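Secondary and tertiary structure notes
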Amino acid sequence: MMTVSQIRESIAPELRELNDRMTLTLDSSNELMNQVIYNYMQSKGKQLRPMLVILTAKIFGEVTSDVIAAAAAVELLHNASLIHDDVVDDSDTRHGRKTINAVWDNHIAVLVGDFFVSGALREAIRTRDLRVIDTVGQLGQMLSVGEMDQICNARFHSIDEENYYKVISHKTASLFVSCVKMGCYTVGASDADVEVMSEYAELFGRCFQLRDDIYDYFSSEEIGKPTGNDLREGKLTLPLLYALSVTDDPRHEDMLALSRKEMLETAEIETLISYAKELGGIEYAFAAIRSLSERACALLDRLPQCEATEALRSLVLSLNQ
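Presented here is an overview of the structure given in this document. (Residues numbered from 1 in each chain as written. Predicted model: local features only at pLDDT ≥ 70, side-chain atom pairs only at ≥ 80, totals over all residues. Heavy atoms only, no water.)

Quick word on the packing of aromatic side chains
Scanning the model with the defined rule gives seven aromatic pairs in all. Taking the centre distance of 5.7 Å and the plane angle of 80° together, the rings of Tyr40 and Phe116 count as edge-to-face. With Tyr40 in helix α3 (residues 31-40) and Phe116 in helix α7 (residues 106-126), this residue pair connects regions lying 76 residues apart in the sequence. Considering the side-chain rings of Tyr200 and Phe204, the 6.0 Å spacing of their centres and the 25° angle between planes classify their relative orientation as stacked. Here the residue Tyr200 and the residue Phe204 both occupy positions in helix α10 (residues 191-215), the gap between them amounting to four residues, near one helical turn. Taken together, the ring pairs connect Phe176, Tyr200, Phe204 and Phe208 into an aromatic cluster. (Phe/Tyr/Trp six-rings, centres within 6.5 Å; stacked < 30°, edge-to-face > 60°. Helix = DSSP H or I, 4+ residues; strand = E, 2+ residues; numbered from the N terminus.)

Considering the nonpolar core
It is characteristic of soluble globular proteins that their nonpolar side chains tend to be buried jointly. The biggest cluster of nonpolar side chains holds 104 residues, and the ones touching the most others in it are Val112, Phe116, Tyr200, Phe204, Leu240, Leu312 and Leu315. In terms of residues, this core owes the most to one element, helix α5 (residues 65-88), which gives 13 residues. Aside from chain neighbours lying at most four places away, what touches Leu315 is Val4, Ile7, Leu48, Leu52, Leu55, Tyr200 and Phe204. (Core = buried A, V, L, I, M, F, W, Y, C linked by side-chain atoms within 4.5 Å. Buried < 20%, exposed > 50% of the residue type's maximum accessible area, 1.4 Å probe, protein only. Contact = heavy atoms within 4.5 Å.)

Considering the pattern of salt bridges
Within this structure, the stated rule accounts for 14 salt bridges. Two residues, Arg126 and Glu123, come together in a salt bridge whose shortest N-O distance is 3.0 Å. Here the residue Arg126 and the residue Glu123 both occupy positions in helix α7, the gap between them amounting to three residues, near one helical turn. Among the ionic pairs, Arg251 bridges to Asp249, the shortest N-O distance being 3.1 Å. For Asp249, a relative accessible area of 15% translates into the label buried. Through salt bridges with shared partners, one network takes in Arg21, Glu123 and Arg126. (Salt bridge = Lys/Arg side-chain N within 4 Å of Asp/Glu carboxyl O.)

Things to note about the side chain of His252
Residue position: His252 is located in helix α13 (residues 252-259). Residue classification places His252 among the buried residues on the basis of a relative accessible area of 7%. Apart from the residues within four sequence positions on either side, His252 is in contact with Leu244, Val246, Thr247 and Tyr275.

Notes on unusual backbone geometry
Phi angles above zero are rare outside glycine, and Gln47 is one such case at about 55°. Take Gln47: it is sitting in the loop between α3 and α4 (48-60). According to the relative accessible area criterion, Gln47 is buried, its value standing at 4%.

A look at the environment of Glu123
The exposure class assigned to Glu123 is buried, which follows from its relative accessible area of 0%. Glu123 sits 101 residues away from Met22 along the chain, and the two C-alpha atoms are 8.8 Å apart. Engagement of the side chain of Glu123 in a polar contact is seen with the side chain of Arg21, the distance being 3.0 Å. (Polar contact = N/O pair within 3.5 Å; in protein donor to acceptor, adjacent residues only side chain to side chain.)

Some thoughts on the packing of α3 against α7
Contact pair α3 / α7: the axes reach a minimum separation of 11 Å and the direction vectors enclose 80°. By the angle class used here, α3 and α7 are roughly perpendicular. Residues Leu32, Met33, Val36, Ile37 and Tyr40 of α3 pack against Ile108, Leu111, Val112, Phe115 and Phe116 of α7. Within the contact of α3 with α7, the residues separate by chemical class into 10 nonpolar, no polar and no charged. (Axes fitted to C-alpha atoms, helices over the stretch in contact; angles between N-to-C directions. Parallel < 35°, antiparallel > 145°, perpendicular 65-115°, else oblique. Nonpolar A, V, L, I, M, F, W, Y, C, P; charged D, E, K, R; others polar.)

Written out as structure tokens, the structure reads:
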């Protein structure tokens, strides 16, 4: 199985081209805009989403300038959503670094986020492929709907496992599905291949979000958010949802009522986290990841087998660990 570092190394030239392209696209005539963007881009993260565009393209063809433009479009739109989310959530840090709204203010953060959105549209248009442009437009809508779904579920306590997966599909998996679609479109993959890759990306996105949600039940500086942050924001995730579905536990009614409180104290968050762990919520979530990742790998078995296919297999299997 390939590590993420090995996968990144295998497409290092393409990633360098991607970053050069984004640097050019994000250049402006305003010194403050350039300064804010330069500081923000010093922490690029793993760039997993554009990696999926590039790896998908490699399975079915060659990485062209259109592939790089599509990868840049999805990465710019993803970053725009993160910048705007930090404003909505009033977040001070992301992955251990100060957010734009914390360093400057919400006004500047929103404008920078909008600038990223415009850059994403420009890169999509460079491909001259209406399917790529439409995918970017649909993705922007899907991300907004996913965020609204999450807000509504938290506000009206309507979350259950079905709604949880619906939010994941809109807010997380939609990004990965868009990535593989654009990778397919830009190299002329068949409709059948687009469908298989889209199914893989949906499953990968669900695994990815489940793994991220599990992190929230444990303390780690590397994750970039404090333990229990989801609960602090009113978000119930699968480990606790599973625990709350065990109705024969004597604490069930008390825990259910506690989970529906508008504002939770730190001690109450710790109580709910302990409850989820004691009733097997973490194990349940990991079992879901294993099942979803196995289905994703089975889909990859139907595609041409090459280094890029193995990379996608390794990425989804890494979420089991």
